[in-house]
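Chain residues, written in single-letter form:
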Amino acid sequence: MKTQSDKPMLRRTVRTIGFVLLSLLPGLSQANQVNLNINLATPVMEADQRHRAFIKVSLEGFKQQDQQARIPANVAIVLDKSGSMGGDKIQYAREAAIMAIKRLDERDIVSVVSYDSRVQVVVPATQVRDQQSIYHAIRDVHASGNTALFAGVSKGAHELRKFLSRNKVNRVILLSDGLANVGPQSASELGELGASLAKEGISVTTIGLGLGYNEDLMTRLAGFSDGNHAFVENAADLASVFQYEFGDVLSVVAQGVNIEIHCKNGVTPIRLLGRESEIMGNRVTTRLNQLYSEQEKFVILEVEVPKQAAETELELVSVKVAYDNLFTQHQEQLTGQSMARFSGSAQEVEAARDDKALEAAVEQVANEYSRDAIEARDSGDLAGAKKILQDSASYLGSQAESLSSPRLQEQQEEALQDADELETNQDWNKQRKELKARQYKRATQQTY
Amino acid sequence: MKRRTPVLLAVIITLPLLLLAWFGVRLQLDQQQVVAHQLNNLVTSRLQNIDEQFQEHFFLLQQRFIRQAEALQQDTAGQYSVGPVRRFIDQSAVIKQMFVLSATGERRFPPIDQPLNQQEQDFVELTRKLLREPERFTMPVLDPVGQTAAPSEVKVGRDELQSAQLSDSVAQKSRYSADAAVQTLANAAPRLPDQPHGWIAWYAEAGLQQIFWWQDSEGNTVGFALNSARLLSDLINLLPSSAVANAEAPLFSDVDTDSDIQLVNDRGEVAYRWGGQSLDSAQKPLQTLPLSHPLASWHLAYYAAELPAAITGWLGLIVLLVLLAAGLSSLAYLLYREHNRELRIAEQRVNFVNQVSHELKTPLTNVRLYTEMLEQELPDDEPVAQRYLGVISSEAGRLSRLIENVLSFSRAKREGVSVRYHQGVIDSVIEQVVALFTPVLSARHLSIRFNGQATQLCQFDSEALEQILNNLLSNCEKYAAEGRFVDINSWQAEQPDGLCSYIRVTDFGPGVSVEDAQKLFEPFYRGSDKLTEGVSGTGIGLGLARDLARAHRGDLVLEPRTTTPLTEGVSFLLTLATPVNGPENN
């Protein structure tokens, strides 16, 4: 961290923090502040050359002071009780939901909606006070019928709205093991719904159970509303996934995070890796619905930097972040910028490299490869998909070596394994779900 | 008689049953129609209610959009600058995109002179044709709260484009609720109806999309394209959820469980369904209701199971009929048993009399035999004894005839009447009978005037003839004693089927009334009380006589009196077929 570019950034950060501190009530500690870090993977670039550069914009939620001071949750659990959930699955799902609700207390609101061909509100939105009656209602859910997923999510969101508040963590947790076959069923329609819900501050976590669900639909719904997504092959693992999910829900410290990046001085944005974003001219915007306690969430922006003379400094981007601090219940703003220096010395370039930022960038780039591989495989191009994965693996391999990063090495092995499994052509359905879930997890820095 | 009774009873049972069944079925069918009609009305109003809810939703959206558009206009000083509009789109959960057209039809948003984001590009691409014809948004508009305003649907250009105000009743209704809810915006409300606005429903991206447009005071047209997934989600949330299928259903008792309602979109897919009835896909909906603009081409379908009420109605009717049938049958059975018992008792009586008669016959024969023997043995110089013997003999003869009658009657009942033909002369038989009766009748101061012209030799049953005459004459003796004379005329005539003999017995007694004449021949019937008072009789004589005559291929009839009105009395005409040659057996 002793690079030259850190200095202005540090200055900037300190200034911002100072500004925020002044604007806040006196006595409020700095610990209740989201941390914004802007890291250029290559802070020193070779002069007289066009560059592709990766900028990592990361946000880290502050530490939740103690369990007592956490943010109340407003959770709707939407359970698939279609015929395919029969037997063990529904039983595990019920118990997982009950186990998860056990972590809530009177501050929280919970509702349970189940759906088959129709939608049933099993537990209307209620404070978690009389837990036994909630458990009792959940245990009465039995499997049968079709899958009205859209209506289920709608009704779940409807229950949330009864107590909707920006000061709560508003989340729909959707469990499904099958294809939506009553009501809208396309990924785009569910994505639209997710986007609309996100605007209200509701995020949807989707848990795909077994091998029957539509992973595109589920990741899309989660992605547009910035919820989590998980692939659970074995129903017995549901309980732990629910526990992770509720852990996330109960550790949210900030919500409604808008990130706006302005490219300056002729720098042009190419793509934002990982998340849905909007690139308009030299302005890139994206949003995160939630920041969790002591968790880092980041986006990687790939930009093209024009030729510069040696020994010049250039401001590449300026970043504005706005979010709702749930702890102080204020909207807060953070700003930052990224500077690059140009040098004729290759050694200097090498020495200045920000390994961590580059590692994250490589991870995301490889993740994009993996997405491309799925697309190729979907269009029937098995060899192409395999090639993409192998390219991705070799890219990861070379980067892992130069960065001596075990994490990238791991990802390389994963990519190779994926390529092999692609070859065997067995159980593509399962592999696709795994890939999708893994990609989603990487892109959103999901903890589980 | 024996067979008629059950038939009669069966008719008595079935007739009311059939009538009741007929009326019951008609009533039930009528009832069903009424119930079906009522149900239909109920369903229609329920579906319409849903449609109204949807309309209200659109109206509330419309209110909101107009306020937001006004706010935007004010904030941007009528310029609709890009930044605020984009921010607005970013924050609004229900809309997907917006557009602003200037009064001259130029596009102000999405901006022409600035880079567009992906969504805006897609939107411009999608609505290119729509926005190229700004006159769509300047069509004459009806005031939504005006009294005369009717829902207007104006088709412009392509068929799939429709723009219309919401139906005014809904608009009016929700206006109040909306105003009550949003008092702070009351200052904006009075200007609402002034500006033209409307909904457009159009097909894009394989679905119906809704756009609300509003013209601001400067002639700019502001359009709000709804997020269709969100719209559907909101509509679903207006609709009830289904009952939880468990025992604790009373919590959700407002959700009815015997029907299934489906919201079907323009592609014919079920977008949402609720209710409790699980049904097979082949079933046809009981009713469908197309939704109003801007959701035209969507519809609601109502499915229901067969009405349980109708079944209980039929069940009731059937139970009623069965009960009635059982009641009537048992009543009929009781009547039938009673009737049978009486018949049996009568039969037992007849049998008893029969047996007694049989028992009497043998001693009586002996009495008559010895009386005759004594008459012959007795010397003529004992007139008193002779006279006594004569009385004994005639009374014994009478008793014997009585017994003969009874036995013949019961035999006739048992095995029918048979006739045995012998050759003879009718008149000689009559003379024998007359001779036999003369002492008896003269004791009653009656004399017989016999005029016999049936002298031809012919075939007939002399015993039957004797018995018939015996009966007729003993009737004269019993009932016509005051007439002093009994006329007997006999003659013979050639008929197409052979020789017939006729015997007319006429008395000059009190006669019989017309009613009595009808029943005179029925067994056990005896004429009016006045007539039969103090006179013994069994009531079987005339019937037996007629049966015998009919067996003899003839008849015995009571002749209507054609003689002078001064003379009363009765005249019987006996007709017998008496063939001349050869015994003909029947």
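For every chain, the first residue of its written sequence is number 1, and the numbers climb from 1 along that sequence. All chains are assigned letters beginning at A, and all ligands numbers beginning at 1, according to the order in which they are written. Confidence filtering applies because this is a predicted model: local features only for residues at pLDDT of at least 70, side-chain atom pairs given and counted only at 80 or more, and all residues used for totals across whole chains, interfaces and linings.

With that out of the way, let us pick up the overall build of chain A. Helix and strand definitions follow DSSP, with helices as H or I runs of at least four residues and strands as E runs of at least two, each counted in order from the N terminus. Looking only at helices and strands, chain A features 12 helices and 16 strands. When each of the 448 residues of chain A is scored for burial, the buried share is 51%. A pair of residues counts as a contact when their C-beta atoms, built from backbone coordinates, are within 7 Å of each other. Expressed as a percentage of contacts within chain A between residues at least 6 apart in sequence, the contacts between residues at least 24 apart total 77%. As a rule, residues whose C-beta atom has 12 or fewer other C-beta atoms within 10 Å are exposed, those with 20 or more are buried, and those in between are partly exposed; C-beta atoms are placed from the backbone.

All names here are of chain A. Strand order across the open sheet formed by 6 strands is 6-5-4-7-8-9, with mixed pairing between neighbours. Either end of the sheet is taken by a strand with one partner, and the two such strands are strand 6 (119–127) and strand 9 (229–232). Strand-to-strand twist in this sheet, taken as the mean axis angle between neighbours without regard to direction, amounts to 15 degrees. Pairing analysis gives 6 bridges linking strand 5 (residues 109–115) to strand 6, with the strands arranged antiparallel. Bridge pairing in strand 6 places S114 opposite Q120. Contacts between helix 2 (residues 88–101) and the sheet are confined to strand 4 (73–80), strand 5, strand 7 (169–176) and strand 8 (202–209), with strand 4 contributing the most and set at about 175 degrees to the helix. Along the sheet, helix 3 (residues 131–139) contacts strand 5 and strand 6; its crossing angle with strand 6, the most-contacted strand, is approximately 170 degrees. Here a strand pair is declared whenever DSSP counts at least two bridges between the two strands. Between N-to-C directions, angles cover 0 to 180 degrees, with each direction set by a line fitted to C-alpha atoms, over the stretch in contact for helices.

Quite often, the size of an interface is put as the accessible area lost when its parts meet. Taken residue by residue, the interface counts 24 residues in chain B and 24 residues in chain A. Put simply, the parts of the chain that give the side of chain B that touches chain A at least two residues each are helix 5 (228–238) and strand 9 (270–275) of chain B. Sort the elements by how many residues they give to the side of chain B that touches chain A and helix 5 of chain B lands first, with 6 residues. Among the residues making up the side of chain B that touches chain A, the classes are represented as 12 nonpolar, 10 polar and 2 charged. Under this grouping Gly is polar, as are all residues other than the nonpolar Ala, Val, Leu, Ile, Met, Phe, Trp, Tyr, Cys and Pro and the charged Asp, Glu, Lys and Arg.

Next up on the list: the environment of L101(B). Residues and elements named next belong to chain B. By secondary structure assignment, the location of L101 is in strand 1 (residues 95–101). L101 sits in the buried class, given 23 other C-beta atoms within 10 Å. Here the alpha-carbon distance between L101 and L131, two residues 30 residues apart in the chain, equals 8.1 Å.

Further remarks concern the confidence of the model for chain B. All names here are of chain B. Here chain B shows a mean pLDDT of 78. Residues at 70 or above account for 80%. Confidence per residue, as judged by the predictor, is encoded in pLDDT with a range of 0 to 100. Note that pLDDT drops below 50 for residues 140–192; the model gives that stretch 79 contacts with residues more than four away or on any other chain. Between residues 246–255, whose pLDDT stays under 50, and residues either more than four places distant or in other chains, the model counts 8 contacts.

All names here are of chain A. The contact between helix 2 and helix 3 brings their axes to 9 Å, and the two run at 165 degrees. Relative to helix 3, the element helix 2 lies roughly antiparallel. Seen from above, helix 2 lies across helix 3 with right-handed handedness. Between helix 2, through R94, A97, I98 and I101, and helix 3, the contact on the second element is made entirely by Q131, I134, Y135, I138 and R139. For the contact of helix 2 with helix 3, the residue count by class is 6 nonpolar, 1 polar and 2 charged. Orientation categories follow fixed angle ranges, with anything under 35 degrees roughly parallel, anything over 145 roughly antiparallel, 65 to 115 roughly perpendicular, and all other angles oblique. Left-handed describes a crossing whose near helix is turned anticlockwise from the far helix through less than a right angle; right-handed describes the clockwise counterpart.

The next subject is unusual backbone geometry. Note that the residue after F109(B), namely P110(B), is joined by a cis bond; omega there is -5 degrees. By secondary structure assignment, the location of P110(B) is in the loop between strand 2 (107–109) and helix 3 (118–132). The omega torsion across H293(B) and P294(B) is 0 degrees, close enough to zero to call that bond cis. Notably, E311(A) is not glycine yet its phi reads approximately 60 degrees, a positive angle. Assignment of secondary structure puts E311(A) in the loop between strand 14 (296–305) and strand 15 (313–325). In the Ramachandran plot, A77(B) falls in the positive-phi region, its phi being about 55 degrees despite a non-glycine side chain. By the secondary structure assignment, A77(B) is in the loop between helix 1 (4–75) and helix 2 (82–91). Residue class for A77(B) comes out exposed when judged on the 8 C-beta atoms lying within 10 Å of it.

Right, let's talk about the packing of helix 9 (residues 462–479) of chain B against helix 12 (residues 541–551) of chain B for a bit. All names here are of chain B. At their nearest, the axes of helix 9 and helix 12 sit 9 Å apart, and the two run at 150 degrees to each other. The orientation of helix 9 relative to helix 12 falls into the category roughly antiparallel. Helix 9 and helix 12 meet at a crossing whose hand is left-handed. Contacts between helix 9 and helix 12 involve A464, Q467, I468, N471, L472, S474 and N475 from the former and G541, L542, L544, A545, L548 and A549 from the latter. Counted by class, the contact of helix 9 with helix 12 contains 8 nonpolar, 5 polar and no charged residues.

Our next topic: the confidence of the model for chain A. Looking at chain A, the pLDDT average stands at 86 and 92% of residues meet or exceed 70. Taken together, the stretch residues 21–30 of chain A has pLDDT below 50 and engages in 4 contacts with residues farther than four places along the chain or on a different chain.

Here we come to the environment of G539(B). All names here are of chain B. Structurally, G539 is set in the loop between helix 11 (529–532) and helix 12. Taking the number of C-beta atoms within 10 Å as the measure of exposure, G539 has 14 and is therefore partly exposed. Sequence separation of G539 and F524 is 15 residues, and the distance between their C-alpha atoms is 4.1 Å.

Further remarks concern helix 10 (residues 382–403) of chain A. All names here are of chain A. Across its 22 residues, helix 10 extends 31 Å between first and last C-alpha, which sits within 8% of the 32 Å expected from 1.5 Å per residue. Buried within helix 10 are the following residues: A385, I388, L389, S392, A393, L396, Q399 and A400. Mapping the buried residues of helix 10 onto a view down its axis gives an arc of 135 degrees, with all of them on the same face. Turned more than 90 degrees from where helix 10 packs its buried face, A383 and E401 sit exposed. For helix 10, the secondary structure elements touched by its buried residues are helix 9 (355–378) and helix 11 (406–424). Remark: S404 follows helix 10 within two positions and exhibits a positive phi of approximately 40 degrees. Here the expected span of a helix is defined as 1.5 Å times the quantity of residues minus one. Within this analysis, the arc is defined by the directions that extend from the helix axis to the C-beta atoms.

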